[in-house]
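Results of the structural survey
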Amino acid sequence: MKRVLLILLLFTCGYVQAQSLTLNDLTNLAQLSNGEAHDYLVLSRKFKRDYIQKINGKQVENYKGLADTTKRETVIIGDGQKLDNGSMLRNVYYATNNRKFLLNMIGQAKQSNFKLSFTGMDANNNIFMFDDDLYHIIINVGRGKGTGSVSVKQKEYSGVY
């Protein structure tokens, strides 16, 4: 009987789905160039480049997770705003079909130094906005379905996004 319980426990633990990226990972990606972000995602986070597109003269790269196909995760890097001094304010977008991952991101934002600046909903999503001096984060959790997204945008200076 103990062996059967142990085997069931092992199978149950083996099926647990792990989130590939944390909110901290997404804010770190916003600070990296496309090449550095590519290395971070591909070499250490089990993503592969899906495709590259040019949008407004910027090379935007789309990545998808290599994990279980039932938990889709995608990351988009390369979008942003070029400043007059030549530096770039980068945006990172993350999307998943796993509601638990999105709720984990909300929990991570609340536990960090991010201030919850808005909570609301539209016809399709529950919306959570977080801010600190460096980032503006929007987390959309699909209503009814588990799909949703996280948008991380760098700020030029405090209070502007």
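Keep in mind the model is a prediction, meaning the values are calculated, not measured. (Residues numbered from 1 in each chain as written. Predicted model: local features only at pLDDT ≥ 70, side-chain atom pairs only at ≥ 80, totals over all residues. Heavy atoms only, no water.)

**Here's the deal with the pattern of salt bridges**
Side-chain pairs of opposite charge can arise where the charged atoms are in close proximity. With the rule as written, the count across this model stands at 3 salt bridges. Among the salt bridges present, the one from Asp 79 reaches Lys 58, with a minimum N-O distance of 3.7 Å. Of this pair, Asp 79 sits in strand β3 (residues 73–82) while Lys 58 sits in strand β2 (residues 58–65), and the two are 21 residues apart along the sequence. Note that Asp 131 and Lys 155 form a salt bridge whose closest N and O atoms lie 3.2 Å from each other. In this pair, Asp 131 is assigned in strand β6 (residues 125–131) and Lys 155 in the segment after β8 (148–154), connecting sequence segments 24 residues apart. (Salt bridge = Lys/Arg side-chain N within 4 Å of Asp/Glu carboxyl O. Helix = DSSP H or I, 4+ residues; strand = E, 2+ residues; numbered from the N terminus.)

**Overview of helix α3 (residues 34–44)**
Of the positions making up α3, those classed as buried are Asn 34, Ala 37 and Leu 41. All buried residues of α3 fall inside an arc of 65° around its axis, so they share one side. Packed against the buried residues of α3 are α2 (23–29), β1 (47–55), β2, β3 and β4 (88–96). With its phi angle positive at about 60°, Lys 46 sits one or two positions after the end of α3. (Buried < 20%, exposed > 50% of the residue type's maximum accessible area, 1.4 Å probe, protein only. Arc of directions from axis to C-beta. Contact = heavy atoms within 4.5 Å.)

**A look at the pairing of β4**
Two strands pair when backbone bridges link them, and β3 and β4 are joined in this way by 8 bridges, in the antiparallel orientation. By the bridge assignment for β4, Thr 74 is matched with Ala 95. Between β3 and β4, which follow one another and run antiparallel, lie 5 residues, and Gly 86 among them has a positive phi close to 95°. Across 6 bridges, the pairing between β4 and β8 is antiparallel. By the bridge assignment, Thr 96 is partnered in β8 with Gly 148. (Pairing = 2+ DSSP bridges.)

Just distances and angles here, no functional claims.
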